[in-house]
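# Examining the three-dimensional arrangement
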Amino acid sequence: MEALPPTLLDLLSNSLVLGQVSPLLPVSALLFLSRTSKSVRQLIYSSREAWRYLDLSPLKSAQLDASPIDVGGVSWRAERMDEALSEDDFYAGPLRGIFSQMHSWRVLKWVQVLVLDGLSVPADLVREIVMEERFGVRILSVRGATHLNLSKLQQVLVYAVRPSRPETVLRFKALYVFGSKDDPKQLPPSIDLLNGGGVTASQGAQIGAHWNSRSAEALQVTKSGNVLSQCM
Ligand SMILES: *[C@@H]1O[C@H](CO)[C@@H](O)[C@H](O)[C@H]1NC(C)=O
């Protein structure tokens, strides 16, 4: 008897296949796939490979709703402002919500390449991504991000690589800031980079090793962790 062709679940259960396929899927497709069956769902939510490369930029719920009126006709913005919500809190809202959901699914830590191009990404949110334990992001792309104050971003990075920081290994390796989000020549490196394709996991901060050239020019951080200049 001929062997049956492998099922989708069989294929995805191979971590190599899942690792190759999932970066190619928009996150909405991944979530949709996870709804197709209980076993696929279990597989996706328990596989770090499925989450290694995450591009949230096409996701509707990641976008800041320009309108102050939400679907229910409630002025969300006005209400939240009453609760002394800072501007940064407001602009970080959609992504914070997604991150806390992913954290509760226990998959947030598995994201190593995070693409937030064109989304609303205040510098405070970058600080959380770089510094907080719940994140495992090594490469972050915020090209074309809105509400991102570059001088505040620079302060965040200086702080993250400060010489007096606790003796923990900084997992963060690269940040993509400038360049068009639609420029294919400037795509963030794929996960190959994480598999030994150039990132050396030597001691200390290596921010700067893989910045794209324009980011590097504008916000230079040396390997020793000192920001040299901001020539913008
Ligand atoms: C950007 O951040 C700097 C430093 O935190 C602050 O002084 C400046 O006012 C901010 N600029 C804007 C446009 O918010």
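Along each chain, residue indices are assigned from 1 in the same order as the chain's sequence is written. It should be noted that, the model being predicted, local features are given only for residues of pLDDT at least 70 and side-chain atom pairs only at 80 or more, the latter also being counted only at that level, while totals for whole chains, interfaces and linings use all residues. In computing side-chain values, all of the structure's heavy atoms are included and hydrogens and water are not.

The name that an unreviewed UniProt entry assigns to the protein chain is F-box domain-containing protein, with the source organism given as Cryoendolithus antarcticus.

## Digging into the overall build of the protein chain
Helix and strand definitions here come from DSSP, where helices need a minimum of 4 consecutive H or I residues and strands a minimum of 2 consecutive E residues; each element is numbered from the N-terminal end. Across its full length, the protein chain holds nine helices and four strands. Helices (α) and strands (β) of the protein chain occur, in sequence order from the N terminus, as α-α-α-α-β-α-α-β-α-β-α-β-α. When a residue's accessible area, from a 1.4 Å probe over protein chains only, is under 20% of the maximum for its type it is buried; when over 50% it is exposed; and in between it is partly exposed. The buried share of the protein chain, reckoned over its 232 residues, is 42%. We call two residues contacting when some pair of their heavy atoms lies within 4.5 Å. Restricting to contacts in the protein chain with at least 6 residues of sequence separation, those with at least 24 account for 74%.

## A look at the pattern of salt bridges
Here a salt bridge means any side-chain nitrogen of Lys or Arg lying within 4 Å of a carboxyl oxygen belonging to Asp or Glu. Throughout the structure, instances matching the rule amount to six salt bridges. Two residues, R96 and E128, come together in a salt bridge whose shortest N-O distance is 2.6 Å. With R96 in helix α6 (residues 87-104) and E128 in helix α7 (residues 123-131), the pair connects residues that are 32 residues apart, well separated along the chain. Overall, E128 belongs to the buried group, its relative accessible area being 8%. Two residues, D124 and K152, come together in a salt bridge whose shortest N-O distance is 3.6 Å. Placement of D124 in helix α7 and of K152 in helix α8 (residues 150-160) is noted, with a sequence separation of 28 residues between them. Connected via shared salt-bridge partners are D124, R127 and K152.

## Describing the site of the ligand
Proximity is defined per residue: if any heavy atom of the residue lies within 4 Å of a molecule or strand, that residue is considered near it. Around the ligand, the neighbouring residues are N149, S151, K152 and Q155. In the environment of the ligand, an oxygen atom lies 2.3 Å from a nitrogen or oxygen atom belonging to the side chain of N149. In the complex, 31% of the free accessible area of the ligand, which totals 360 Å², lies under the protein chains. The definition of a polar contact used here is a pair of N or O atoms within 3.5 Å, where within protein one atom must be able to donate a hydrogen and the other to accept one, and adjacent residues in sequence count solely through side-chain atom pairs. All accessibility values rest on the Shrake-Rupley procedure with a 1.4 Å probe; residue burial counts only the protein chains present in the view.

## Here we look at unusual backbone geometry
Despite not being glycine, R106 has its phi angle at roughly 65°, a positive value. With respect to the helices, strands and loops of the structure, R106 is situated in the loop between α6 and β2 (113-115). Residue R106 is classed as exposed on the basis of its relative accessible area, which comes to 70%. The residue H147 is not glycine, and still its phi comes out positive at about 60°. Looking at the secondary structure, you find H147 in the loop between β3 (139-141) and α8.

## Looking at the nonpolar core
In a soluble, globular protein the nonpolar side chains are often hidden away together inside. Buried Ala, Val, Leu, Ile, Met, Phe, Trp, Tyr and Cys residues that are joined via side-chain atoms within 4.5 Å together make up what is termed a nonpolar core. Membership of the largest hydrophobic core comes to 50 residues, with the highest contact counts inside it found for W51, L56, L95, F99, L114, L116 and L140. Contributing elements (two or more residues each) for this core: α3 (27-34), α4 (38-45), α6, α7 and α8. With residues up to four places along the chain from it excluded, the contact list for L116 reads L56, L95, F99, V121, I129, L140, S141, V142 and A145. Judged by nonpolar contacts, the second largest core, of six residues, contains Y53, V115, I139 and A174.

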